[in-house]
Amino acid sequence: MKRTLIVFSFAIMCCCLVAQNKAAAEKLVYEGIPYHDKGDYEGAIVRYNKALELDSCNMLALTEKALSLLSSGKYEESIMYCRKAIEKHPGEPELVNVYVTYGTATDDLKHTDASIDIYDEGIIQFPKAYSLYFNKGITLKSVQRVEEALSCFEKAATLNPRHAGTQNALARTLKSDVNRIPDRKSVV
């Protein structure tokens, strides 16, 4: 009986410590976000690193660090943190942002086909995430796959008609030479 009580007490203490580490880690992440917003990505990453020392698999810290690494042009490192977040937190709704960062970092490395595959993987898990369709469309348009890009922008606009970036991309894609209505002089 005494042994069971000791084991049970130890388990409760461990749970409390993990919860405290998570809260302290997320506090550090929230301290880092303003640094990122000001363009001080290294300052943000310092805070995210401290958060990850407290809680090595903290979803928020992994997500924000990957984004700051992407913004600072450290694409390979960003991809590493995206993969870790996906591995450690399967099915978490916050992974939508991770897939966007992952696909963008991969595309910035000029691995377009891999980037499209990453967006597709995200879309399979999160079919209502307009940001995945939007970013996939941006990647497709960059390699002149205009019709596919248009389809992605249309899907993103259906899912979130108020996203200005999607509306802009949709308009610009429709304005491209591929989709232009010929003027009267060229038809006659």
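Residues numbered from 1 in each chain as written. Predicted model: local features only at pLDDT ≥ 70, side-chain atom pairs only at ≥ 80, totals over all residues. Heavy atoms only, no water.

Trainee: Mind showing me how you'd approach the overall build of the chain here?
Mentor: Each helix and strand counted, the chain has 10 helices and zero strands in total. The helix and strand sequence of the chain, counted from the amino end, reads α-α-α-α-α-α-α-α-α-α. Here the chain holds 188 residues, and the buried ones make up 39% of them. Carbon and sulfur atoms make up 57% of the accessible area of the chain, which totals about 11500 Å². (Helix = DSSP H or I, 4+ residues; strand = E, 2+ residues; numbered from the N terminus. Buried < 20%, exposed > 50% of the residue type's maximum accessible area, 1.4 Å probe, protein only. Areas by Shrake-Rupley, 256 points an atom, 1.4 Å probe, with all protein chains shown as cover.)

Trainee: Could you clarify how one ought to interpret helix α4 (residues 75-88) in this entry?
Mentor: Note: α-helices contain 3.6 residues per turn, so residues at a spacing of three or four share the same orientation. For α4, with 14 residues, the first-to-last C-alpha span of 20 Å sits near the 20 Å given by 1.5 Å per residue. What α4 keeps buried is the set S78, I79, Y81, C82, A85 and I86. Taken end-on, α4 shows its buried residues confined to a sector of 165°, consistent with a single buried face. Turned more than 90 degrees from where α4 packs its buried face, E76 and E87 sit exposed. Residues of α4 that are buried sit in contact with α2 (41-54), α3 (59-71), α5 (95-108) and α6 (112-125). (Expected span 1.5 Å × (residues − 1). Arc of directions from axis to C-beta. Contact = heavy atoms within 4.5 Å.)

Trainee: Whenever I open this one, the side chain of N135 confuses me. Can you help?
Mentor: Topologically, N135 is positioned in helix α7 (residues 130-142). What N135 contacts, discounting residues up to four positions off in sequence, is V100, T104 and Y119.

Trainee: Would you mind going over the pattern of salt bridges with me for this structure?
Mentor: Pairing is possible between side chains that carry opposite charge, provided their charged atoms lie close to one another. Within the structure shown, the criterion is met by six salt bridges. Note that D120 and K136 form a salt bridge whose closest N and O atoms lie 2.6 Å from each other. Residue D120 is located in helix α6, and its partner K136 is located in helix α7; the two are separated by 16 residues in the primary sequence. Overlapping salt bridges bring together D113, R145 and E148 as one network. (Salt bridge = Lys/Arg side-chain N within 4 Å of Asp/Glu carboxyl O.)

Trainee: How should the packing of α3 against α5 be read in this particular structure?
Mentor: Helix-helix packing is characterised by the crossing angle of the two axes and by the distance between the axes. Across the interface, α3 lies against α5 with an axial gap of 10 Å and an inter-helix angle of 25°. Judged on the interaxial angle alone, α5 and α3 are roughly parallel. The handedness of the crossing between α3 and α5 comes out as left-handed. Only L95, N97, V98, T101, T104, A105 and D108 of α5 make contact with α3, whose side of the interface consists of M59, T63, A66, L67 and L70. Looking at the contact of α3 with α5, its residues break down into seven nonpolar, four polar and one charged. (Axes fitted to C-alpha atoms, helices over the stretch in contact; angles between N-to-C directions. Parallel < 35°, antiparallel > 145°, perpendicular 65-115°, else oblique. Left-handed = near helix turned anticlockwise from the far one by under 90°. Nonpolar A, V, L, I, M, F, W, Y, C, P; charged D, E, K, R; others polar.)

Trainee: Could you clarify how one ought to interpret the layout of surface pockets in this entry?
Mentor: Where empty space is left becomes clear once a probe the size of a water molecule has been rolled over the atoms. Roughly 190 Å³ of volume is contained in the largest pocket. Along its surface, the largest pocket is lined by 13 residues, and E26, N58, M59, L60 and E94 are the ones closest to its centre. For the lining of the largest pocket, the secondary structure elements donating two or more residues are α1 (2-37) and α3. Counting residues per element, the lining of the largest pocket draws most heavily on α3, which supplies four residues. (1 Å grid on protein atoms, 1.4 Å probe; cavity = no way out; pocket = protein on both sides within 12 Å on 5 of 7 lines; lining within 4 Å. Points joined across faces, edges and corners; volume = space filled by probe spheres on them.)

Trainee: Whenever I open this one, the confidence of the model for the chain confuses me. Can you help?
Mentor: Reading predicted coordinates in detail is not appropriate for stretches of low pLDDT. Averaged over the chain, the pLDDT score is 88; the fraction of residues at 70 or greater is 83%. Within the model, pLDDT remains below 50 along residues 7-18, and this stretch shows zero contacts once partners closer than five positions in the same chain are excluded. (pLDDT = per-residue confidence, 0-100.)

Trainee: For this particular structure, what's the right way to read the packing of aromatic side chains?
Mentor: For any pair of aromatic rings, the description rests on two quantities: the centre-to-centre distance and the angle between the ring planes. Tallied over the full model, the rule gives two aromatic pairs. A ring pair is formed by F134 and F153, whose centres lie 6.1 Å apart and whose planes are at 45°; its orientation type is tilted. On the criterion of sequence distance, the pair formed by F134 in helix α7 and F153 in helix α8 (residues 146-159) is long-range, its members being 19 residues apart. Residues F134 and F153 agree in their burial class; the two are buried. One cation-aromatic arrangement involves K38 over Y35; the distance from NZ or CZ to the ring centre is 4.9 Å. Above the plane of the ring of Y35 lies R47, whose end atom (NZ or CZ) is 3.9 Å from the centre. (Phe/Tyr/Trp six-rings, centres within 6.5 Å; stacked < 30°, edge-to-face > 60°. Lys NZ or Arg CZ within 6 Å of the ring centre and 35° of its normal.)

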